Amino acid sequence: FPRYITAGRNVYLGDFMYLNGLSRDGIRLGNNVRIHEHGWIQATSTLDNPGKGLVIGDDTYIGPRSYIGAGGGIAIGRNVLMGASVNLLAEDHRFQDTGQPIRTQGLTRKGIVIEDDVWIGNGVIVLDGVTIGRGAVVGAGSVVTRDIPPDTVAVGNPGRVIARRTGERVSASTQTGV
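Residues numbered from 1 in each chain as written. Predicted model: local features only at pLDDT ≥ 70, side-chain atom pairs only at ≥ 80, totals over all residues. Heavy atoms only, no water.

Asker: So what exactly am I meant to see when it comes to the overall build of the chain here?
Answerer: Tallying secondary structure elements over the chain gives zero helices and 22 strands in all. Taken over C-alpha atoms, the radius of gyration comes to 16 Å for the chain, in line with the 16 Å a tight globule of 178 residues would show. Taking the principal axes of the C-alpha coordinates as reference, the chain spans close to 50 × 50 × 25 Å. A buried classification covers 43% of the 178 residues belonging to the chain. The contacts in the chain between residues at least 6 apart in sequence include a share of 31% that link residues at least 24 apart. Surface summary for the chain: the accessible area is close to 9200 Å², and the carbon and sulfur share equals 52%. Here the chain contributes 18 positively and 16 negatively charged side chains, and the mean placements of these two sets differ by 1 Å. (Helix = DSSP H or I, 4+ residues; strand = E, 2+ residues; numbered from the N terminus. Rg over C-alpha atoms; globule rule 2.2 N^0.38 Å. Buried < 20%, exposed > 50% of the residue type's maximum accessible area, 1.4 Å probe, protein only. Contact = heavy atoms within 4.5 Å. Areas by Shrake-Rupley, 256 points an atom, 1.4 Å probe, with all protein chains shown as cover. Lys, Arg positive; Asp, Glu negative; His and termini not counted. Charge placed at Lys NZ, Arg CZ, Asp CG, Glu CD.)

Asker: Just checking my understanding: could you explain the environment of D147 for this structure?
Answerer: In this fold, D147 is placed in the loop between β20 (143–144) and β21 (152–156). Look at D147 and you get partly exposed, because its relative accessible area is 42%. Along the primary structure D147 and R160 are separated by 13 residues, whereas in three dimensions their C-alpha atoms are 9.7 Å apart. A polar contact of 2.8 Å, which involves the side chain of D147, links it to the backbone nitrogen of T131. (Polar contact = N/O pair within 3.5 Å; in protein donor to acceptor, adjacent residues only side chain to side chain.)

Asker: Sorry, what's going on with the layout of surface pockets here?
Answerer: Empty space among the atoms becomes visible once a probe the size of a water molecule is rolled across them. The calculated volume of the largest pocket comes to roughly 160 Å³. What lines the largest pocket is S45, T46, D48, N49, E91, D92, H93, G106 and L107. Class assignment for the residues of the lining of the largest pocket results in one nonpolar, five polar and three charged. (1 Å grid on protein atoms, 1.4 Å probe; cavity = no way out; pocket = protein on both sides within 12 Å on 5 of 7 lines; lining within 4 Å. Points joined across faces, edges and corners; volume = space filled by probe spheres on them. Nonpolar A, V, L, I, M, F, W, Y, C, P; charged D, E, K, R; others polar.)

Asker: What's the story with the environment of G83 in this structure? I'm lost.
Answerer: Relative to the elements of secondary structure, G83 occurs in the loop between β11 (81–82) and β12 (87–89). The contact partners of G83, leaving out residues within four places of it in the chain, are G63, S66, I120, G121 and N122.

Asker: Sorry if this is basic, but what is going on with the side chain of S142 here?
Answerer: Counting through the fold element by element, S142 comes out in the loop between β19 (137–138) and β20. Separated by 3.0 Å, the side chain of S142 and the backbone nitrogen of G156 make a polar contact. Apart from the residues within four sequence positions on either side, S142 is in contact with G123, V124, I125, A154, V155 and G156.

Below, the structure written as structure tokens:
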């Protein structure tokens, strides 16, 4: 669905990329965006229920083997660094009705926002409904289930804020789950 995709100058898409732009708002890649080998970007899972789409800001790097599922909409800011095998999952399945198959219960879509100047380490998973604040760092292998405040460092599964970027540690009694 190339008519749903727009790209700025100097965009690099690595070998073996999958890019499916079908969505309500399409996919917009800013200038100097780099998405490395074996990346997968999908804005819609099914033809009968188009997703919202994806915007990636200028000078953003996405590492190899990363998956971006933008059904609920994903906005990635400028100067964002994402390591290898990062997963952004902007939709979830409903499953509360035990009398119905999960696949027939529909989806929820809240979206994901990654603000400017964020660093996301290798193997991080970011779930639907999360905002990662400007200047935040997410450690490798973390699973982000709640918002991360700006200029903080978050790690773990589930992720939690452990420090501010200034190096100031966050005490156990004031740690924020993410």
